[in-house]
Amino acid sequence: MSDVILPNETLSRDARTSGAAPEPNRRRWSTGLGILGLLALLALPLVAGGYWTFTLGLCFANAIAIISVSFLVRYGGEVSIGHGVFMGAGAYTVALMEKYFALSLLASLPVAAVVGALLGLVFAFPSRHLSGIYLAVATMALALALPEVLLHFSTVTGGYGGLYVSLDAVPLLSKSAQRYYLPLAALVAVVLLLRQFRRSRQAMALLLIRTSAYAAESFGVRRSWARLSCMALSAAIAAIGGAVLAFSSSTVSPNSFTLWTSIFLLVGSVVSLYSLSVVGSLLGGLFLTLVPLLLAGAGDWVPILYGAALLGVVLGVNGLPESLRARLGGGRI
Amino acid sequence: MKHANAAATRSTDPLVVEDLSLSFGGIRVLQGIGLRMESGEITGLIGPNGAGKTSFFNCLTGLYTPQKGAIRLGGLRLEGLRPPQRAALGFSRSFQHVALCPELSIIENVMIGLDRQSTAGWLDAFLPLPAGNRERAQNRERALAALDRLGIAGVADDSPTQLPPGLLRLAEIARAVVGDPRVLLLDEPAAGLNSVETADLSAALKKLRAEHLVLVVVEHDMDLIMDVCDTIHVLNVGTLLASGDPGQVRQNPDVVRVYLGDEDE
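Residues numbered from 1 in each chain as written. Chains lettered and ligands numbered in written order. Predicted model: local features only at pLDDT ≥ 70, side-chain atom pairs only at ≥ 80, totals over all residues.

Some points on the nonpolar core
Consideration 1: In this structure, I64(A), A239(A), I240(A) and A243(A) are the most contacted members of the largest nonpolar core, which totals 170 residues.
Consideration 2: Counting the residues that make up this core, at least three belong to each of domain 1 (2-90 + 181-260) and domain 2 (102-164) of chain B. (Core = buried A, V, L, I, M, F, W, Y, C linked by C-beta atoms within 7 Å. Buried ≥ 20, exposed ≤ 12 C-beta atoms within 10 Å, placed from the backbone. Domains from an automatic or database assignment.)

Written out as structure tokens, the structure is:
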């Protein structure tokens, strides 16, 4: 399964660079570059206009949701076309906690992550014996159901109109700065947490059970444990993405979390090469956020141009040298 | 389970198989097999193709459940237990086709052998907390010691995709022994190895012999089996044909007939 999804060269490269003692020079270089890139992103709102700051804020939120799909591919070997649902769960948690308890994002974000994880568990338990295309179709059913569910409970969810998210999360910062810096901070935090996770015994067990389930079982790792944990973690990450997206866009509505949202998340994940790094996931996030904007004037041609852009990116990325691709794919994670 | 594990690990009871029978549909694969695999010994299991070695091995690992008979380790009955439950009792194994994860380094693969003994929780997984870090460092030390015992500590941080089959086989055995198992089952460890690699494997296996360890090797390579084993059991068409030390087995006329063919036929 996993070999179908992840090209073998990527796997070997990952493994080569994931050891405990990579070349110190290379490590120093990439750490230096990472810090420089982060400083550039931190300084960007000073030079970029409000429009770009707003768009990049959405892009960071989307990047987190893309990481959630990539996490499921990398650690679970499974594809989801329903992660918009978990994203929606996070977004609505933030909006509802503001509506009913007047709590801001900082208080509601952890709750959103927990709600996402629980929803992931609720979905994963009955589907724990499904895999491959069957699981993907099951997640699709979830994505199709969400807008209907939201509309059914319109007194709570605000129906078609949705809900507003307007409370400040950080008091002294301007609204537009908050909408940029909070998603950025969340993205960096998620990537750092996942980097730490990669070294854990749980991550090793998940990776082994994905490649050799029978071997993992012989060492006491259970398949159902692996599936439930993987789906819950992935859903929690998606919910964090949804929560910061709700904050950045200041509104949530059923239109934001349709089947297309889920499909685009998968597309973003493919474009990012299932990366769990800031750079890789941002590439997917930028594709997801910017390409529709750039193509906005093209009318009926949008889907065709979008598809062409997707092909272009995937083929182009595959044409890059292997070492660069591995770097984009978050080799050290 | 932990108590049972501790008790099993302390004891030197043999792994005993009594009157074991297994069939698929109407086909009888194993019939009335009874044998003892002693602690502190290396037990070999051989037989021509179709003898039932793999089926018998799978009964020991918990992949197959025999219709009749018993598998006992001391006072524990094992035949109804699944592989993860047997792992909790100190069972460990290697695989005929190397089953290491290509995305993990060799030492990380070996550290999985310590997973069932580790206690680091989800918070330790995501945050660099002292207890989790300490356990990870200890597990790394133990994994390194296991690799060292098999003479391959030098490749600890390499990827399995870069290494030859002989080293991978040893790495897999390191993963199987790192948790100090009570029962170690090796499935054709010499498959696909050249003569130099087989000699290394043979030396490594002899070093694994330990008072509390039941070590069972299923193998085609007769030279390896004769070299490392204390006791050998020979299976043929689902029944136990002969048992004894390498000298006895080599002299046994039934074994010779099965392996070299009957002159009357």
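From this point, the discussion proceeds with the structure in view.
Digging into the packing of helix α5 (residues 83-101) of chain A against helix α6 (residues 105-124) of chain A
Residues and elements named next belong to chain A.
Consideration 1: Close contact between α5 and α6 brings their axes to 8 Å; oriented N to C, the two are set at 140 degrees. Along this stretch, α5 crosses α6, giving a crossing that reads as right-handed. Taking contact as the criterion, the partners of F86, A89, G90, T93, V94 and M97 in α5 are, on α6, L105, S108, V111, A112, V115, G116, L119 and G120.
Consideration 2: Residue composition of the contact of α5 with α6, grouped by class: nine nonpolar, five polar and no charged. (Axes fitted to C-alpha atoms, helices over the stretch in contact; angles between N-to-C directions. Helix = DSSP H or I, 4+ residues; strand = E, 2+ residues; numbered from the N terminus. Left-handed = near helix turned anticlockwise from the far one by under 90°. Contact = placed C-beta atoms within 7 Å. Nonpolar A, V, L, I, M, F, W, Y, C, P; charged D, E, K, R; others polar.)

What to know about the domain arrangement of chain B
Residue and element names in this part refer to chain B.
Consideration 1: Partitioning chain B into structural domains gives domain 1 (2-90 + 181-260) and domain 2 (102-164).
Consideration 2: If you average the C-alpha positions of domain 1 and of domain 2, the two centres end up 28 Å apart.
Consideration 3: Each side of the interface is counted separately: domain 1 has four residues, and domain 2 has four residues.
Consideration 4: For the side of domain 1 that touches domain 2, the secondary structure elements donating two or more residues are α3 (83-88) and α8 (195-208).
Consideration 5: Residues belonging to the side of domain 1 that touches domain 2 are distributed by class as follows: three nonpolar, no polar and one charged.

Looking at the pairing of strand β4 (residues 68-73) of chain B
Residue and element names in this part refer to chain B.
Consideration 1: Judged from the five bridges that link them, strand β1 (residues 15-24) and β4 form a sheet pairing that is antiparallel. Bridging across to β4, L15 finds its partner in L73.
Consideration 2: As paired strands, β4 and strand β5 (residues 76-77) are joined by two bridges and run antiparallel to one another. Bridging across to β5, L73 finds its partner in L76. (Pairing = 2+ DSSP bridges.)

Digging into the interface of chain A and chain B
Consideration 1: With 29 residues of chain A in contact, the opposing surface of chain B contributes 30 residues.
Consideration 2: For the side of chain A that touches chain B, the secondary-structure elements that each account for two or more residues are α2 (8-17), α9 (175-198), α10 (201-211) and α11 (213-218) of chain A.
Consideration 3: For the side of chain A that touches chain B, the leading source of residues is α10(A), giving seven residues.
Consideration 4: Here the side of chain A that touches chain B is composed, by residue class, of 13 nonpolar, 10 polar and six charged.

A few points about the confidence of the model for chain B
Residue and element names in this part refer to chain B.
Consideration 1: For chain B, per-residue confidence averages 87 on the pLDDT scale, and 94% of positions sit at 70 or higher.
Consideration 2: Highest mean pLDDT in chain B belongs to helix α4 (residues 106-111) (95); lowest belongs to helix α1 (residues 2-10) (45).
Consideration 3: A low-confidence stretch, residues 1-10 stays under pLDDT 50, and its non-local contacts, those more than four residues away or across chains, total 15 contacts.
Consideration 4: The complex model carries a pTM of 0.86, and its ipTM stands at 0.85. (pLDDT = per-residue confidence, 0-100.)

Quick look at the environment of G285(A)
Residue and element names in this part refer to chain A.
Consideration 1: Note that G285 resides in helix α14 (residues 278-294).
Consideration 2: Exposure remark for G285: the 28 C-beta atoms within 10 Å place this residue in the buried category.
Consideration 3: Spatially, the C-alpha atoms of G285 and V85 are 18 Å apart, while their sequence positions differ by 200 residues.
Consideration 4: Sequence-distant contacts of G285, that is, excluding residues within four places in its chain, are made with C59, F60, N62, A63, I66 and G268.

Some details on the sheet that holds β1(B)
Residue and element names in this part refer to chain B.
Consideration 1: Across the sheet, which stays open at both edges, the four strands sit in the order β2-β1-β4-β5 with antiparallel pairing between neighbours. Each end of this open sheet is capped by a strand with a single partner; those strands are β2 (27-37) and β5.
Consideration 2: Here seven bridges tie β1 to β2, and the two strands are oriented antiparallel to one another. What sits directly across from S23, in β2, is R28.
Consideration 3: Against the sheet, helix α2 (residues 53-61) engages β1, β2 and β4, with an angle of about 60 degrees to β2.

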